[in-house]
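Structure assessment
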Amino acid sequence: DARAVEDAAWRAARVAKLTTPDGWLTLIGLHFLKEGSNTVGSAQGNDVVLAGGPARLGTVTVAADGKVSLDVAAGVAVQVDGREVRSAELKWSAPTDPTRVTFGTVTLFAIDRSGKKALRVKDSEAARRRRFAGIDYYPTDPSWRIMARWGAFEKSRLMPVANVLGQVSPELVAGKAVFEREGRTIELVAIDEGPEAPLFFVISDATSGKETYGGGRHLYAERPTGDTIVLDFNRAENPPCAFTPFSTCPVPPKENRLPFAVKAGEKTYRGGPE
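Analysis parameters
Residues numbered from 1 in each chain as written. Predicted model: local features only at pLDDT ≥ 70, side-chain atom pairs only at ≥ 80, totals over all residues. Heavy atoms only, no water. Core = buried A, V, L, I, M, F, W, Y, C linked by side-chain atoms within 4.5 Å. Buried < 20%, exposed > 50% of the residue type's maximum accessible area, 1.4 Å probe, protein only. Helix = DSSP H or I, 4+ residues; strand = E, 2+ residues; numbered from the N terminus. Contact = heavy atoms within 4.5 Å. Pairing = 2+ DSSP bridges. Patch = residues over 30% accessible without salt bridge, like charges linked within 9 Å, V, L, I, M, F, W, Y side chains within 5 Å. Areas by Shrake-Rupley, 256 points an atom, 1.4 Å probe, with all protein chains shown as cover. Salt bridge = Lys/Arg side-chain N within 4 Å of Asp/Glu carboxyl O. Disulfide = S-S within 2.5 Å. Lys, Arg positive; Asp, Glu negative; His and termini not counted. Polar contact = N/O pair within 3.5 Å; in protein donor to acceptor, adjacent residues only side chain to side chain. Expected span 1.5 Å × (residues − 1). Arc of directions from axis to C-beta.

A short note on the nonpolar core
Among the nonpolar cores identified, the biggest contains 26 residues, and L50, L57, V101, F103, L108 and L119 are the most heavily contacted of them. Sorting the residues of this core by element identifies β4 (58-62), β5 (68-72), β9 (101-103), β10 (106-113) and β11 (116-123) as the ones contributing at least two each. The residues touching L50, leaving out its near neighbours within four places in the chain, are H31, V40, G41, S42, L57, F103, L108 and V121. In terms of nonpolar packing, the next biggest core, distinct from the first, is built from 22 residues, W150, A177, F179 and A264 among them.

So this is what it looks like as structure tokens:
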């Protein structure tokens, strides 16, 4: 069956991406920074205590204009984007890749969450990656591959979307996917992450917190060329927060909280986020 082969290939690609040396399973820290100087290292006396690396890595400074810079401590060898340096600006803004600071198997870089700067830390040898428990799925159900009506907004709108930390940021919303199920009309709003990216739905349903991750699941759909969009809930996937406590996943908006059980796609990750 061609669909079963496609599904198997999709699942294999999903696991391969999740378990890469810099994937979500490698996160070992998320540290919010204060304005001004922040000492960073694995020793307890630092403002930012890393889970691994030198006792004193150096000082990360957040300037009043939001720029983030690193001054490396004497005698410590780190690479910034592949070059050994003593100081560097840690650029975080999209669309460019963030500036990466590497020491041993550990990499850290700056991120911005609702105007707050933080250091995200990854370790390619993290226990979560080494002990990955695999993904459990509901049996594939063709009835959950839904041809929905696509209603593009005349002009993309900004919608406030909260994350698991309670921070709210505006997200571009391109339109809504409309379908009928169990006697109800459902209208799911899609986040637009750019013209080259699929449309992104953050959803929850009656299985959330029971058989599936409590914070909901993510569903990606190819951008429609006409007025039909394919929503394949068999490919509903766990967000990064299901695997690690160090990510900042969006919370399903009220429009995307389905009133019935979607017994398709990924189940709760048995390895847990801790």
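Structural notes on the sheet that holds β4
Adjacent strands of a sheet pair through backbone hydrogen bonds, lying either parallel or antiparallel. If you walk across this open sheet you meet the 5 strands as β3-β2-β4-β5-β8, and the pairing is mixed. The open sheet has two free edges, formed respectively by β3 (48-49) and β8 (87-89), since each of these has just one partner strand. Strand direction decides the pairing type here: strand β2 (residues 36-41) and β4, joined by 5 bridges, are antiparallel. By the bridge assignment for β4, N38 is matched with V60.

Examining a nonpolar patch on the surface
Taken together, the side chains of F32, V164 and L165 present a nonpolar region at the surface, about 250 Å² in accessible area. Position of F32 among the secondary structure elements: in strand β1 (residues 27-32). Relative accessible area serves as the criterion here: at 34%, F32 is assigned to the partly exposed category.

Structural notes on the pairing of strand β13 (residues 168-181)
Alignment of strand β12 (residues 145-162) against β13, held across 10 bridges, turns out to be antiparallel. Paired with M159 across the two strands is E171, which belongs to β13. Hairpin connection, β12 to β13: the antiparallel pair is bridged by 5 residues, and G166 has positive phi, about 90°. In terms of strand pairing, β13 meets strand β14 (residues 184-191) through 8 bridges, oriented antiparallel. Residue E180 lies in a different strand from β14, and its bridge partner there is T185. The hairpin turn running from β13 into β14, its antiparallel successor, is 2 residues long, and E182 in that turn takes a positive phi close to 50°.

Some remarks on the state of the cysteines
Inspection of every chain in the model, using the stated rule, returns 1 disulfide. Sulfur-sulfur distance for the disulfide between C241 and C249 comes to 2.5 Å. Sign of the S-S torsion, about 115° for the bond between C241 and C249, identifies this disulfide as right-handed.

Describing the side chain of R120
Looking at where R120 falls in the secondary structure, it is placed in strand β11. Buried and unpaired, R120 has no salt bridge, with D22 as the nearest side chain of opposite charge at 11 Å. In this structure the side chain of R120 is engaged in a polar contact, spanning 3.5 Å, whose partner is the backbone oxygen of F246. The contacts of R120, once residues within four sequence positions are left out, are W24, L27, G29, L30, T107, L108, F109, I111, R113, F246, S247 and T248.

A closer look at the environment of P54
Its location among the elements puts P54 in the loop between β3 and β4. Its relative accessible area of 22% is what places P54 among the partly exposed residues. Each C-alpha atom, one on P54 and one on V76, is 7.4 Å from the other, the two residues being 22 residues apart in sequence. When sequence neighbours within four positions are dropped, the list of residues in contact with P54 reads G41, S42, V76 and F103.

Some points on helix α1 (residues 2-18)
Spanning 17 residues, α1 covers 24 Å between terminal C-alpha atoms, matching the ideal 24 Å at 1.5 Å per step. All buried positions along α1 are accounted for by D7, R14 and L18. The buried residues of α1 occupy an angular sector of 25° when the element is viewed end-on, so they sit on one face. Away from its buried face, by an angle of more than 90 degrees, α1 presents the exposed residues A2 and V5. Its side-chain oxygen at 3.2 Å from the backbone nitrogen of R3, D1 defines the N-terminal cap of α1.

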